[in-house]
Amino acid sequence: MNYIKSLSGDDKSFEEKLFAIIKSEFPTEQQIYLNHIEAQNYQLTAEIVHKLKHKISILGLEKSYKIAVEFENNLLDESTELQEEFESILLIITNFLKQL
Amino acid sequence: MNCIIIDDEATARAIISQLCHNIEGLKVTEEFPNAIQAIKYLNQNDVDLIFLDIHMPDFTGFDFIETLKNPPRIILTTSDTNFAIQAFEYDCIVDYLVKPISQERFDKAIQKANSKSIPVSSNNNSEKVETTSGNDLYVNIDRRLIKIDIPSIYLVEAKGDYIYVKTESQNYTVHSTLKKIEEKLPNTLFLKVHRSFIINVDKIIDIEDNSVLIKKDVIPVSRSNRPELMKRLNLL
């Protein structure tokens with residue numbers, strides 16, 4: 001959250017706008033992720049993980065970001081190692097966004 | 001300084017827009033979720049600076065740069081550090097920002113953009129895939145330079161990192177871009193009718209609405225290219 005604060009300079013309207021965008025964009029990307037991983041299309045799954053990891057980073061989830069980076073690399077090697085950990089991160093974000 | 005933002009992620013566009021907002025004299029004139037919409041805009045508007053994402057579906061940031069004849073200054077924005085070396089092969093790229101972008105790092109990139117001038121009509125890529133000699137075009141396929149008679153080419157189609165060159169006698173798959181081959185083909189004979197197609201106007205069989213028939217290929221004609229195509233025809 002520090003990242004968003006540093007950008008906004010306490011501009012509440014920007015923070016609200018950004019969270020509204022994330023709340024609208026995140027569930028779509030999460031669904032795309034679930035579709036690709038279920039279809040075992042690892043290349044496309046890696047692409048959407050790549051996009052999701054940006055949101056993980058701007059929300060300030062540093063450890064989760066590292067997991068996402070590793071998971072993306074695993075997918076490019078056609079491995080699903082860290083899938084469970086990554087999906088836990090998605091759940092954390094889902095719950096966080098629900099509270100906003 | 002006017003700028004545009006091209007990124008398929010709305011969150012990223014909002015953040016870059018805010019980073020710009022924090023800098024005096026930097027104005028975001030438009031934002032685009034894909035490169036195609038940006039190309040249409042740039043056909044009619046001048047900008048000083050482009051913030052460009054590399055990872056976009058269908059048309060990557062590098063594909064986009066290849067379509068620009070005189071690209072303005074470009075700052076790449078990406079979550080991936082793997083393309084840094086490739087990025088600096090392009091004269092127009094002034095900086096490479098890795099997401100999440102801090103205001104401090106962003107400010108430095110803008111300073112670089114302000115201090116860098118872009119050579120006019122610069123060739124973006126040092127790699128020369130085709131060379132021409134009179135009526136011939138040489139294409140590099142599997143390390144062999146193969147001669148193609150230019151007037152025999154009836155169609156060139158872009159397919160990702162490759163182009164398909166179709167001639168009267170044979171078809172060729174060449175690792176190159178539509179932009180590069182367009183520069184080598186005489187514009188008296190050839191016309192780009194769509195972002196993915198160049199046709200030999202002499203080989204047209206018929207035209208229907210927004211498509212042309214060349215040999216057995218039906219080729220789409222984009223709305224913006226249709227007037228130029230119609231100008232080339234000897235209409236009764």
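This is a predicted model, so every value here is computed, not measured. (Residues numbered from 1 in each chain as written. Chains lettered and ligands numbered in written order. Predicted model: local features only at pLDDT ≥ 70, side-chain atom pairs only at ≥ 80, totals over all residues. Heavy atoms only, no water.)

### Quick look at the sheet that holds strand 9 (residues 153-159) of chain B
Residue and element names in this part refer to chain B. The 5 strands lie next to each other as 11-10-9-13-12, forming an open sheet whose pairing is antiparallel. At either margin of the open sheet sits one strand with a lone partner, and together these are strand 11 (171-174) and strand 12 (190-194). Going from strand to strand, the sheet's axes swing by 20° on average, the running direction of each strand aside. Examined bridge by bridge, strand 10 (residues 162-167) and strand 11 share 4 bridges and lie antiparallel to one another. In the strand pairing of strand 11, I163 is matched with V174. (Pairing = 2+ DSSP bridges. Helix = DSSP H or I, 4+ residues; strand = E, 2+ residues; numbered from the N terminus. Axes fitted to C-alpha atoms, helices over the stretch in contact; angles between N-to-C directions.)

### Notes on the pairing of strand 12 of chain B
All names here are of chain B. Of all 5 residues that make up strand 12, 4 are buried, and the element is covered over most of its length. Here strand 12 pairs with strand 13 (residues 197-200) via 4 bridges, running antiparallel. Each residue of the ladder has a partner; that of H194, found in strand 13, is F197. Between strand 12 and the antiparallel strand that follows it, strand 13, lie 2 residues. (Buried < 20%, exposed > 50% of the residue type's maximum accessible area, 1.4 Å probe, protein only.)

### What about the environment of B:T173?
Residues and elements named next belong to chain B. Relative to the elements of secondary structure, T173 occurs in strand 11. The partly exposed category is assigned to T173, whose relative accessible area is 44%. The spatial distance from the C-alpha of T173 to the C-alpha of I141 is 7.7 Å, given a sequence separation of 32 residues. Contact partners of T173, with chain neighbours within four places excluded, come to I141, Y162, I163 and Y164. (Contact = heavy atoms within 4.5 Å.)

### As for the sheet that holds strand 15 (residues 211-214) of chain B
Residues and elements named next belong to chain B. An order of 14-15-16 is seen for the 3 strands of this open sheet, with the pairing classed as antiparallel. On the outer flanks of this sheet lie strand 14 (204-208) and strand 16 (217-220), each paired with one strand and no other. Ignoring strand direction, the axes of neighbouring strands in this sheet form an average angle of 25°. Of the pairings in the sheet, the one linking strand 14 to strand 15 comprises 4 bridges and is antiparallel in character. Paired with I207 across the two strands is V212, which belongs to strand 15.

### With respect to the confidence of the model for chain B
The predicted coordinates ought not to be read in detail in places where the model reports low pLDDT. All names here are of chain B. Looking at chain B as a whole, its pLDDT mean stands at 85, while 92% of the residues score no less than 70. Below pLDDT 50 for its whole length, residues 120-129 participates in 28 contacts with residues either more than four positions away or in separate chains. Complex prediction metrics read pTM 0.64 and ipTM 0.92. (pLDDT = per-residue confidence, 0-100.)

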